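# Residue-level structural notes
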There are 2 protein chains.
Amino acid sequence: MPKRFYLGIDMGGTHIKIAVVNSEGKILEETMTDTDVEAKPLDIAVSIVEKARGLKHYSSVKSIGIGIAGDIDCFRGFVRFSPNLPKWKNVALKSIFEKLTGKNAFVDNDANTAAIGAFWLDAKAKPDSLVCVTLGTGVGGGLIFNKKLYRGASCTAGEIGHMTIDPSGLRCKCGNKGCAETFIGAKYLSAYAKELLKNRKSEIINDLLSQNNSKLTPKLLYEAAAKGDKTAVEVWNYAGQKLGILLAGIINFVNPEVIVLCGGISRTGKFIIEPAKKEIEKRAFASASKVCKIIVSNYTQKLGVVGAAMLADQ
Amino acid sequence: MPKRFYLGIDMGGTHIKIAVVNSEGKILEETMTDTDVEAKPLDIAVSIVEKARGLKHYSSVKSIGIGIAGDIDCFRGFVRFSPNLPKWKNVALKSIFEKLTGKNAFVDNDANTAAIGAFWLDAKAKPDSLVCVTLGTGVGGGLIFNKKLYRGASCTAGEIGHMTIDPSGLRCKCGNKGCAETFIGAKYLSAYAKELLKNRKSEIINDLLSQNNSKLTPKLLYEAAAKGDKTAVEVWNYAGQKLGILLAGIINFVNPEVIVLCGGISRTGKFIIEPAKKEIEKRAFASASKVCKIIVSNYTQKLGVVGAAMLADQ
């Protein structure tokens, strides 16, 4: 049987990653281009296809998959709105790429492509069920059931950042109060740390802040925690506890084989995972949490492009 | 093609329902026997099979499905523990029925069989995704994805009654705090009503309580609400709001086509549904809630036995 290759395109706000991936989810070749947020959809697509044609396996590519943040109609391949390309409205991205290349194209949101990527890159045993949790500015999720992406009735399944974990919590940009994202989204964590630092001093955090005029980001809080800063550790304990409430709900609800954590905040590793696991122990059914492996992705930067390529397989 | 018939057995704490069901989920014949909680598993199985053999379509039955409350190993057909038959421990129910009848047997928990039943009886359009929510003493759930039962990695998927909806809530029997069940499970609702009635009087509730020495159950609270009792309506508004938080989370997470509410408390209809819908409007993504039909089952008493019969089809 001839080998099947797929082209993956991960359209981020700064860069667009492009890769040829084989049918085992392995990247064979990759390239990149900058995201021109002012350009029209067709012009961006033309420049992506030009880059892709420069890849030596391009002619063997069977289909093209595109992952992009935002409100995506994955069934029709429409980008209704993307925060990364705010000038785009109702862009028929699937059709644009199909016309340009003569190949089948698939479009889905970046949380879904991350889940497919995690299935191929992180979950070596190819589990029946996997929940991928993206921890960054936003908190997102993608669901793999029966080894395939599960999209839901209107392609919005996996919005786990907007499940209520404490109804008395803060107002979220989605309109709800107490969403998981209002506890563990990056800017909320930074705000929580600032609040704590109003009434106490931290030399470690102050030193890190004064270096290069840094801001109080989750990355800085991770560095501070790694240096033993108590306030930073407290912030991660708080975040881990809230993450644990969310994950325990997910475990009781869909009893997944694997949960993969990815995105910038997942890199804090044990600082957030250990308190999350303690909370899961308190809140999830033992039979379900026992069988659920929780791992941090080793491929955060690759998940999107590999998952996009493998959209053809869903 | 010859018609396929299936035998369904719904093992409740008081009665055992037995029915022959066709491949469209329609009951052709049904019967019943009392549950002898003192009897040994084999003796109960023998009496069920005897009853079933009295049904005129029994000889055409291809397989047998059994639904039972509790901790069930659905993959091996084991009843680890059932609250309805508390003396049973690790009963190989599948194997007992297969030896007695020479037919294939399947065993699953009653929330899963209710979900399959709701798919066949309530959801006429056969949706890709359906979440069945059982509202009674406990709060349970069963999940249909891609038109089939989704069981999870250890057969415990659907434990939506034990998702945290408010971490400051009461301690649940599962060990967690603030489970959905601690707000909308029958005994918690009764306790909430009692608490309200400490500081106020309700003639309607008092009248209903004095009739036949009744207790303050959800059924009585429903009757009181139907007669216009303000406290009872307040209890249902509270329950509906909490149910809405749970359902909004489910909608954002798995974006189902249909949610079916069943079980005793679902019969309160609009008293619980209307406030639940208001809460969903506040908390769920509009694109997901717009496509999600929320219905009250018209077949609460039949779901278990039909779903059990259709286990063979999963």
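Residues numbered from 1 in each chain as written. Chains lettered and ligands numbered in written order. Predicted model: local features only at pLDDT ≥ 70, side-chain atom pairs only at ≥ 80, totals over all residues.

## Some details on the relation of the copies chain A and chain B
Inclusion rule: Only residues with pLDDT of at least 70 in both copies contribute their C-alpha atoms to the least-squares superposition of the copies. Here contacts are defined at the residue level, using C-beta atoms placed from the backbone and a cut-off of 7 Å between them.
Of the transformation superimposing chain A on chain B, the axial component is 0.0 Å and the angular component is 180°, with the fit at an RMSD of 0.0 Å. Here the symmetry operator amounts to a two-fold rotation axis. Nearest to the rotation axis, the C-alpha of D166 of chain A is located 2.5 Å from it, this being the minimum over chain A. A shared binding surface is used by both copies, with 100% of the interface residues of chain A retained as interface residues in chain B.

## Some remarks on the sheet that holds strand β10 (residues 148-150) of chain A
Residue and element names in this part refer to chain A. Quick reminder of the rule: A pair of strands counts as paired when DSSP detects no fewer than two bridges linking them. The numbering of helices and of strands both runs from the N terminus, where a helix is a DSSP run of H or I of at least 4 residues and a strand a run of E of at least 2. A fitted line through C-alpha atoms serves as each axis, taken over the contacting stretch for helices, and the angle formed by two N-to-C directions is quoted from 0 to 180°.
Across the sheet, which stays open at both edges, the 5 strands sit in the order β10-β9-β8-β11-β12 with mixed pairing between neighbours. The open sheet is flanked by β10 and β12 (293-296), the only strands paired with a single partner. Taken pair by pair, the neighbouring strands of this sheet meet at an average axis angle of 25°, ignoring direction. As paired elements, strand β8 (residues 130-135) and strand β9 (residues 139-145) share 6 bridges and run antiparallel to each other. Across the sheet, V131 pairs through a bridge with L143, a residue of β9. Here helix α3 (residues 110-121) sits on the sheet and contacts β8, β9, β10 and β11 (258-262); the angle it forms with β9, its principal contact strand, is near 50°.

## Points about the interface of chain A and chain B
We count it as follows: Only Asp, Glu, Lys and Arg are considered charged in this grouping, and only Ala, Val, Leu, Ile, Met, Phe, Trp, Tyr, Cys and Pro are considered nonpolar; every other residue, Gly among them, is considered polar.
In this complex, chain A contributes 36 residues to the contact, which on the side of chain B involves 36 residues. A total of 6 residues in the side of chain A that touches chain B trace back to one element, the largest contributor, which is helix α8 (residues 230-254) of chain A. Residue classes in the side of chain A that touches chain B are distributed as 18 nonpolar, 13 polar and 5 charged.

## Points about the sheet that holds strand β11 (residues 148-150) of chain B
Residue and element names in this part refer to chain B. One open sheet accounts for 5 strands, arranged β11-β10-β9-β12-β13; its pairing is mixed. Whereas interior strands pair on both sides, the edge strands pair on one side only; in this sheet they are β11 and β13 (293-296). With direction set aside, neighbouring strand axes in the sheet form an average angle of 25°. Looking at chain direction, strand β9 (residues 130-135) and strand β12 (residues 258-262) are connected through 5 bridges and run parallel.

## Regarding helix α3 (residues 110-121) of chain B
All names here are of chain B. Test applied: Here the expected length of a helix is defined as 1.5 Å per residue gap, with one fewer gap than residues. Three exposure classes are used. Buried residues have 20 or more other C-beta atoms within 10 Å of their own C-beta, exposed residues have 12 or fewer, and partly exposed residues fall in between, all C-beta atoms being placed from the backbone.
Taking 1.5 Å of rise per residue, 12 residues should cover 16 Å, and α3 covers 16 Å from first to last C-alpha, within 8% of that figure. α3 sits mainly inside the fold: 12 of its 12 residues count as buried. Along α3, the residues that are buried comprise D110, A111, N112, T113, A114, A115, I116, G117, A118, F119, W120 and L121.

## Section: the domain arrangement of chain A
All names here are of chain A. Convention followed: Domain start and stop points were drawn from an automatic or database domain assignment.
What the domain assignment reports for chain A is domain 1 (5-118 + 302-313) and domain 2 (127-297). Once you take the C-alpha centre of each, domain 1 and domain 2 turn out to be 27 Å apart. Taken residue by residue, the interface counts 11 residues in domain 1 and 15 residues in domain 2. For the side of domain 1 that touches domain 2, the secondary structure elements donating two or more residues are β5 (71-73) and α3. In terms of residue count, the dominant contributor to the side of domain 1 that touches domain 2 is α3 (6 residues). The residue makeup of the side of domain 1 that touches domain 2, split by class, is 9 nonpolar, 1 polar and 1 charged.

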